[in-house]
Amino acid sequence: MVSDPRSTAAKETFRRVKRHFSPALAMAGKFMGQGAVETSAAGSRVTLSDGRSVLDFGSYAVALLGHRNPAIADAVRAQLDVMPTSTRSIQSPVPPLAAESLAAYLGGSLSRVYFGCGGADAVEASIKLARMATSRATVIAVDGAFHGKTLGALALTDNPRLKKGLDWLLQGVVHVSPDDPEAVARVVREQEVAAVVFEPLQAENGARPLDEQVLAQWCRDAHEHGAFVISDEIQIGLRRCGARSVALEAGLPVDCVLLGKALGGGVVPVSAAVGTDQLFEPLLADPMMHSATFSGHPLGTAVIPTALDTIEKHAEDGVRIATAMATGLATIQERHGDVVAETRGRGLLWGIDLHSPELAGAMLTGLAERGLVVSPCMTRPTTIRLLPPIVATDEDVDEALVLLTEAAQAAAVGA
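Residues numbered from 1 in each chain as written. Predicted model: local features only at pLDDT ≥ 70, side-chain atom pairs only at ≥ 80, totals over all residues. Heavy atoms only, no water.

Undergrad: Report on the packing of aromatic side chains, specifying residues and quantitative values.
TA: Here the structure, examined in full by the defined rule, presents 0 aromatic pairs. Over the ring of Tyr105 we find Arg244; its NZ or CZ atom is 4.4 Å from the centre of that ring. (Phe/Tyr/Trp six-rings, centres within 6.5 Å; stacked < 30°, edge-to-face > 60°. Lys NZ or Arg CZ within 6 Å of the ring centre and 35° of its normal.)

Undergrad: Please set out the sheet that holds strand β2 (residues 45-48) residue by residue, giving values where relevant.
TA: Taken in spatial order, the 4 strands of this open sheet run β1-β2-β3-β15, and their pairing is mixed. In this open sheet, the two strands that pair with only one neighbour each are β1 (38-42) and β15 (372-373). Bridge analysis of β1 against β2 gives 4 bridges, and the strand direction is antiparallel. Pairing of Glu38 across the sheet is with Leu48, part of β2. (Pairing = 2+ DSSP bridges. Helix = DSSP H or I, 4+ residues; strand = E, 2+ residues; numbered from the N terminus.)

Undergrad: If you had to explain the packing of helix α8 (residues 183-190) against helix α9 (residues 212-225) to someone new, which residues and values would you point to?
TA: Interhelical geometry of α8 versus α9 gives an angle of 20° and a closest axis separation of 8 Å. In this view, α8 runs roughly parallel relative to α9, as classed from their interaxial angle. Every pair of crossing elements has a handedness; the one defined by α8 and α9 is right-handed. Contacts from Ala183, Val184, Ala185 and Val188 of α8 reach α9 at Trp218, Asp221, Ala222 and His225. For the contact of α8 with α9, the per-class residue count stands at 6 nonpolar, 1 polar and 1 charged. (Axes fitted to C-alpha atoms, helices over the stretch in contact; angles between N-to-C directions. Parallel < 35°, antiparallel > 145°, perpendicular 65-115°, else oblique. Left-handed = near helix turned anticlockwise from the far one by under 90°. Contact = heavy atoms within 4.5 Å. Nonpolar A, V, L, I, M, F, W, Y, C, P; charged D, E, K, R; others polar.)

Undergrad: Quick one: what's the story with the nonpolar core, residue by residue and with numbers?
TA: Ranked by size, the top nonpolar core spans 80 residues in total, and within it Phe198, Trp218 and Leu404 carry the most contacts. A total of 8 residues in this core trace back to one element, the largest contributor, which is helix α16 (residues 394-414). With 30 residues, the next largest nonpolar core counts Ile127, Ala141, Leu154 and Ala195 among its residues. (Core = buried A, V, L, I, M, F, W, Y, C linked by side-chain atoms within 4.5 Å. Buried < 20%, exposed > 50% of the residue type's maximum accessible area, 1.4 Å probe, protein only.)

Undergrad: Residues and numbers for the pattern of salt bridges, please.
TA: Counting across every chain of the model gives 20 salt bridges. Across the salt bridge formed by Arg45 and Glu399, the nearest N and O atoms sit 3.1 Å from each other. Placement of the pair is Arg45 in strand β2 and Glu399 in helix α16, with a sequence separation of 354 residues. By relative accessible area, which is 28% here, Glu399 ends up partly exposed. Salt bridges linked by common partners bring Arg208, Glu342, Arg344, Asp353 and Arg380 together as one network. (Salt bridge = Lys/Arg side-chain N within 4 Å of Asp/Glu carboxyl O.)

Dropping the structure here:
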């Protein structure tokens, strides 16, 4: 019998992942791909090594514009053909143009920009700047928060499993309840606070929105104390949750907005901290105070103006998809309440709460078998996250809702 080269390639991939990364990672990937690996992608769909085409409503918020969006791919090719990297000694015109586009996109009130490669880069830069600008150590974060896994960002993240054995390195952060409007006022009376950091909607915590009135009170109390306010919108900004910036649209007087994930158009890794002159004062005084070789990398930043323009061209599509998702998920919850405890979300980010981790596992299995890619929540094992691209068609949304319904039915039978 002649072995299938596609199957052989998948097995070799899992062997290498197991050998060089982690056996658990190989097992998880084998489960999610049902023994296959991804080989190509376009738009909302990913082709696997066994020939199947699956619908991507996951990708951890990166593929907002779908996979290999033509406009983004063209922008990358154009920069690749002239100068993909930088001398770092001579100025490149590409990053400042991207910064100008991004500042204008957010309305112009935040004019200073730091570019990173991943979301945690932006988090690290913002809290470092806040501490340096204020000469204060304490940062306030929120229960249920996720801001990344590098040490500074991990200190803000509220997940004991991720912090195990590292507590002694993760100092200077106070976590407060998202339901307590007086929480910031109490902390600033007791400690010298540099910044308050929050996600207006906690994506990793099951697509949980925070009360805007509470956030507004926190902003007032922080500013009265001389502390900065940082809105982490790495997962939820750029129209993922409807707005360019959730905090700015809500009228919250934040000093910095953090963006990432979709900022590179689903093709290149890039993130940004966009803030005020006051927050960026340490970098204005000494631009080498916080630097990185690939900060403002031309190949990454070249796509930003195109990505922003393309997102805006699809803004109304996002509203259409969000409406369909809200209606469809409410129907699933109503019909399958024995499996689905709650659905919630905003725009193109939705969480499905199952009644138990076992049911969540059954749903994930059913979706993997049926070909719908979703994103689990690291801090909530009972929640499955849906992140449809803004370029999804009506047929894509209908297909996703059908597959979710079938998976819920199968989970109920197996319960």
